[in-house]
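Take a look at the letters that make up each chain.
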Amino acid sequence: MPPKKTKSKVTKKISKKTTSKISKENQKVKKSDFYELMEKSFVFDNTPDIELVKKGQYKQAFELLEDAEACQLTPILIGPPGTGKTLLARSFASSRKKNFEWMTLDESTKPGHFVGAFDPGETLKRGFIKESFLPGSLTEMMVTGGIFLANELNRATEYTQNTFLEPLEERSIMLPRLGRIRAHDDFFLMCAANPGDMAGTHRLSEALKDRIKIWIKLDYPSRSVEMEIIHANIPQTKLSKDYIDLTYNLIDATRKSREIERPASIRSAIAITKLAAKKQLKKKLDINEFKKIAGLVLIGGLKPRPGFQSEQIVKKIINTVVK
Ligand SMILES: Nc1ncnc2c1ncn2[C@@H]1O[C@H](COP(=O)(O)OP(=O)(O)O)[C@@H](O)[C@H]1O
Ligand SMILES: [Mg+2]
């Protein structure tokens, strides 16, 4: 029998062959190599990695987005977390062969983050001229005729939300100290938001509501579409159909429970099936292991109503659904 290679020899061989950029002693990336790797990491194409399952509500919504763009009417996708709003919007935008940028808004987002701001160094040297201005992604899309997605619009404060009023109403925007610019004819603004009654969201300002013209509602998809979505998200794994069925039944049960305020989303289903598939590959998956995996994912994947405990709800659902 050939002598067993020591761990350090194996590591040395791998690091020489495939990760010469990584220092051997501590496996940390050197600073100079970091910038090289960073250069390669920039994303120039905003096409999502996952292909949209364009069926059922997603097909209808996609067609509505096409009509909205053709009529230059601003649409908003509204639905609970994990119903595919961002993916749908990104898939639509990347199918248009235009520039596309998106920003997920929250409490701390300020108008300058997407409108742009003056570079302090350049402004000191050259003053408030257009060359010192660093355009934000909304301004860039307005000038170049691209698509801008204001994602999770109602997480932003009303002050920030109202910055979208002028682009929506007049197709123009005021750049501080430079002046007003008019949007390119091809500019298209899209929005996405969670339903207003969910915690952590502001109300959409009334002024903005009045100017958003097409309200596209997304909900948890039908069983067949959701099963397809699960398959699409775990293409390389071969998890038995029985476990995928069980996963769907679990997720569905969280949506029917009166004790749950925010049920599990497709994300939880994807996580359960991915973990289960990994275990199956290692021949370590049985029904008890599956229950354990489901528990680990669901415990944080849903929000109970006040007075109920996540752990207990999850245990009850798993024991009822997985016999
Ligand atoms: N129609 C769909 N086709 C393929 N995957 C989907 C679809 N809808 C949702 N997903 C999966 O669910 C994940 C969550 O969707 P996302 O668009 O982020 O939801 P939301 O923006 O509504 O919270 C996506 O990253 C994707 O993996
Ligand atoms: Mg989203």
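Residues numbered from 1 in each chain as written. Chains lettered and ligands numbered in written order. Predicted model: local features only at pLDDT ≥ 70, side-chain atom pairs only at ≥ 80, totals over all residues. Heavy atoms only, no water.

**Section: helix 3 (residues 57-71)**
Thought 1: When the terminal C-alpha atoms of helix 3 are compared, their 21 Å separation across 15 residues agrees well with the 21 Å that a helix rising 1.5 Å per residue should span.
Thought 2: At the exit of helix 3 stands Gln 72, carrying a positive phi of roughly 55°. (Helix = DSSP H or I, 4+ residues; strand = E, 2+ residues; numbered from the N terminus. Expected span 1.5 Å × (residues − 1).)

**Overview of the pattern of salt bridges**
Thought 1: Overall, the coordinates contain 21 salt bridges when judged by the stated rule.
Thought 2: Where Asp 245 meets Arg 223, a salt bridge forms, and the shortest distance between an N and an O atom there is 3.7 Å. Taken together, the residues span a long stretch of sequence, with Asp 245 in helix 12 (residues 241-256) and Arg 223 in helix 11 (residues 223-233) at a distance of 22 residues.
Thought 3: According to the relative accessible area criterion, Asp 245 is buried, its value standing at 18%.
Thought 4: Of the charged contacts in the structure, one is a salt bridge between Lys 316 and Glu 259, with a shortest N-O distance of 2.8 Å. With Lys 316 in helix 15 (residues 310-321) and Glu 259 in the loop between helix 12 and strand 10 (260-262), this pair connects stretches of sequence that are 57 residues apart. (Salt bridge = Lys/Arg side-chain N within 4 Å of Asp/Glu carboxyl O. Buried < 20%, exposed > 50% of the residue type's maximum accessible area, 1.4 Å probe, protein only.)

**So, the pairing of strand 8 (residues 188-193)**
Thought 1: Extensive coverage of strand 8 is indicated by the burial of 6 of its 6 residues.
Thought 2: Along strand 8, one buried face is formed by Phe 188, Met 190 and Ala 192 and the opposite face, lined by Leu 189, Cys 191 and Ala 193, is buried too.
Thought 3: The sheet contact formed by strand 1 (residues 75-78) and strand 8 spans 3 bridges and is parallel. When the bridges of strand 8 are listed, Ile 78 appears paired with Ala 193.
Thought 4: Bridging between strand 5 (residues 147-151) and strand 8 involves 4 bridges; their strand directions are parallel. The residue bridging Leu 149 from the neighbouring strand is Met 190, located in strand 8. (Pairing = 2+ DSSP bridges.)

**Brief notes about the domain arrangement of the protein chain**
Thought 1: Parsing the protein chain into structural domains produces domain 1 (57-217) and domain 2 (223-321).
Thought 2: Computed from C-alpha coordinates alone, the two centres of domain 1 and domain 2 are separated by 34 Å.
Thought 3: Contacts between the two partners involve 5 residues from domain 1, matched on the other side by 7 residues from domain 2.
Thought 4: Summed over both partners, the interface of domain 1 with domain 2 comes to about 450 Å²; 67% of that surface belongs to carbon and sulfur atoms.
Thought 5: Taken together, the connections running from domain 1 to domain 2 amount to 0 residue pairs in polar contact (both at pLDDT 80 or more). (Domains from an automatic or database assignment. Contact = heavy atoms within 4.5 Å. Buried area = accessible area lost by both parts, 1.4 Å probe. Polar contact = N/O pair within 3.5 Å; in protein donor to acceptor, adjacent residues only side chain to side chain.)

**Remarks on the site of ligand 1**
Thought 1: Near ligand 1 you find 18 residues, and of these Val 53, Gly 82, Lys 85, Thr 86 and Asn 233 are the closest.
Thought 2: With respect to ligand 1, the backbone of Val 53 contributes an N or O atom lying 2.8 Å from a nitrogen atom.
Thought 3: With respect to ligand 1, the backbone of Gly 84 contributes an N or O atom lying 3.1 Å from an oxygen atom.
Thought 4: Within the complex, the protein chains bury 90% of what would otherwise be the 560 Å² of accessible surface of ligand 1.
Thought 5: Within the residue set of the shell around ligand 1, elements represented by two or more residues are helix 4 (85-95), helix 11 and helix 13 (266-281).
Thought 6: There are two domains that each give the shell around ligand 1 at least three residues, and those are domain 1 (57-217) and domain 2 (223-321). (Near = heavy atom within 4 Å. Areas by Shrake-Rupley, 256 points an atom, 1.4 Å probe, with all protein chains shown as cover.)

**Quick notes on the pairing of strand 9 (residues 214-217)**
Thought 1: Only one face of strand 9 is covered, namely the face carrying Ile 214 and Ile 216; the face carrying Trp 215 and Lys 217 is uncovered.
Thought 2: Bridge analysis of strand 1 against strand 9 gives 4 bridges, and the strand direction is parallel. Residue Ile 76 lies in a different strand from strand 9, and its bridge partner there is Trp 215.

**Concerning the confidence of the model for the protein chain**
Thought 1: Taken as a whole, the protein chain shows an average pLDDT of 90; of its residues, 90% reach a score of 70 or greater.
Thought 2: Scored below 50 in pLDDT, residues 1-19 shows 8 contacts in the model against residues more than four places distant or in partner chains. (pLDDT = per-residue confidence, 0-100.)

**So, a nonpolar patch on the surface**
Thought 1: Together, Val 29, Phe 34, Tyr 35, Leu 37, Met 38, Phe 42 and Phe 44 make up an exposed nonpolar region whose accessible area comes to about 720 Å².
Thought 2: Turning to its location among the elements, Phe 34 is positioned in helix 2 (residues 31-41). (Patch = residues over 30% accessible without salt bridge, like charges linked within 9 Å, V, L, I, M, F, W, Y side chains within 5 Å.)

**Considerations on the sheet that holds strand 8**
Thought 1: In space, the 5 strands of this open sheet follow the order 2-5-8-1-9, with parallel pairing throughout. In the strand order of this sheet, the two ends are held by strand 2 (100-104) and strand 9, each with one partner. When the angles between neighbouring strand axes are averaged without regard to direction, this sheet yields 20°.
Thought 2: Bridge count for strand 2 against strand 5 is 5 bridges, and the pairing is parallel. By the bridge assignment, Glu 101 is partnered in strand 5 with Phe 148.
Thought 3: Along the sheet, helix 3 contacts strand 1, strand 5, strand 8 and strand 9; its crossing angle with strand 9, the most-contacted strand, is approximately 165°. (Axes fitted to C-alpha atoms, helices over the stretch in contact; angles between N-to-C directions.)

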